[in-house]
Amino acid sequence: MNKAQLDRMHSGKGFIAALDQSGGSTPKALSLYGVQESSFSNDEEMYTLVHEMRTRIIKSPAFDSDYILGAILFENTMDRKIDGQWTADYLWEKKNIVPFLKVDKGLADLAKGVQLMKPIAGLDELLTRAVERNIFGTKMRSVIKDANTEGIREIVEQQFAVGLQIFEKGLVPIIEPEVDIYSADKEKSEAILKEEIKKQLSLLDDNVKVMLKLSIPTVNDFYKELISDPHVVRVVALSGGYGQDEANYKLSQNHGLIASFSRALSEGLSAGQSDADFNTKLEKTIAAIYEASIT
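The following paragraphs examine the structure supplied in this document. Within each chain, residues carry numbers counting from 1 in the order of the written sequence. Only residues with pLDDT of at least 70 get local features here, since the model is predicted, and only at 80 or more are side-chain atom pairs given and counted; chain-wide, interface and lining totals rely on the full set of residues. Working from all heavy atoms in the structure, the side-chain values ignore hydrogens and water.

Describing the overall build of the protein chain
Then, number 1: The numbering of helices and of strands both runs from the N terminus, where a helix is a DSSP run of H or I of at least 4 residues and a strand a run of E of at least 2. Along its length, the protein chain carries 12 helices and 11 strands.
Then, number 2: Only the protein chains shown count as covering a residue, and every accessible area follows the Shrake-Rupley method with a 1.4 Å probe. Summed over its atoms, the accessible surface of the protein chain is roughly 12400 Å², and 48% of this surface lies on carbon and sulfur atoms.
Then, number 3: Under the counting rule used here, the positive set is Lys and Arg, the negative set is Asp and Glu, and His together with the chain ends is not counted. The atom standing in for a charge is NZ when the residue is Lys, CZ when it is Arg, CG when it is Asp and CD when it is Glu. Seen as two clouds, the 35 positive and the 44 negative side-chain charges of the protein chain have centres 2 Å apart.

A short note on helix α2 (residues 25-32)
Then, number 1: Taken residue by residue, α2 has T26, P27, A29 and L30 as its buried positions. Down the axis of α2, the buried side of the element spans an arc of 160°, and every buried residue falls inside it. Of the exposed residues in α2, the ones pointing more than 90 degrees away from its buried face are K28 and L32.
Then, number 2: Throughout, a contact is declared for two residues whenever any of their heavy atoms are within 4.5 Å. Residues of α2 that are buried make contact with α3 (43-59).
Then, number 3: At the C-terminal side of α2, G34 shows a positive phi close to 95°. In this scheme, a residue with accessible area under 20% of its type's maximum is buried, one over 50% is exposed, and one in between is partly exposed, where area comes from a 1.4 Å probe on protein chains only. As used here, the arc belongs to the directions running from the helix axis to the C-beta atoms.

Structural notes on the side chain of T87
Then, number 1: For T87, the location among the structural elements is in helix α5 (residues 87-95).
Then, number 2: Given a relative accessible area of 0%, T87 falls into the buried group.
Then, number 3: Residues in contact with T87, not counting those within four places in the same chain, are H51, I58, L73, T77, M78, R80, K81 and I82.

As for the packing of aromatic side chains
Each aromatic ring pair is summarised here by two numbers: the centre-to-centre distance and the angle between the ring planes.
Then, number 1: Put simply, two rings from Phe, Tyr or Trp (the six-membered ring, in Trp's case) pair if the centres are within 6.5 Å, and we call them stacked under 30 degrees between planes, edge-to-face over 60, tilted for the rest. Taken as a whole, this structure holds four aromatic pairs when the rule is applied.
Then, number 2: Ring centres of Y47 and F74 lie 5.5 Å apart, and the angle between their planes is 40°; this geometry places the pair in the tilted category. With Y47 in helix α3 and F74 in the loop between β2 (68-73) and α4 (75-78), this pair connects stretches of sequence that are 27 residues apart. Per residue, the accessibility class of Y47 equals that of F74, and both read buried.
Then, number 3: Look at F100 and F136: their rings are 5.5 Å apart centre to centre, the planes differ by 90°, and that puts the pair in the edge-to-face class. Of this pair, F100 sits in strand β5 (residues 98-102) while F136 sits in the loop between α6 (123-132) and β7 (137-144), placing them 36 residues apart in sequence.
Then, number 4: On the basis of relative accessibility, which here comes to 2%, the residue F136 falls in the buried class.
Then, number 5: Working rule: Lys NZ or Arg CZ, within 6 Å of ring centre, within 35 degrees of ring normal, means a charge sits over the ring. Residue placement shows R133 over the ring face of W86; its charged tip is 3.7 Å from the ring centre.

Any link to function would need more than the numbers given here.
Structural data, given as structure tokens:
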């Protein structure tokens, strides 16, 4: 584990940029960027286009370590290069931004009000490659739809079990049990979730470090206890479908919680923009997310 990166993630000011759209979400991400499905005929062409989009974001002067602490990458992005360097090395060596890797393989079918992670085939090999590519940490997502205590307990137990496997490889796991922002009982789900997370944190050895990625809570500062837990490097928030302005406002009401936005980060960016317009829009977006993250 890179101590300089750990210290930066623990105490640095800024937010995490989520650049990890993958699989079925990639065409949508490209479409929002102004690249239609007619522009590619197979997965390789699609991933080349999305890497060009991510490269444009990363190389922008607006994508600066004064505002951005880390960036979450998709596996395909980790295995591609920017200006002759592996993406993770470019992020850290050229930008001073800590690289993370999305490792989950999507969601299982809904059961007990939740969607667990699908089994992560080849996880050990992927983690070995991540270490070789100088990745600092990982991210994996589950989803909570209803306030079902048994289902939420299963989600948290699965997340922490996989998280320990990741930590033992020398990486810091971002544990992400997302609560659906449209859930009718979101606040109740968050109450159950917090207790289950606290339970799992209490079982960890003293040296184990994790991060948490959670939906912005209904009750402001609801995750304050988790933010201060000695096992937790950082608690970050996903935008979860909120628009950029609403996500930033809600985030600003939660002290110590920082952003890890995807859709809200890339909102308004387009392949057809000039570099000047692209960089100006990205700069404004990054500044707004940063301000919301340093409350």
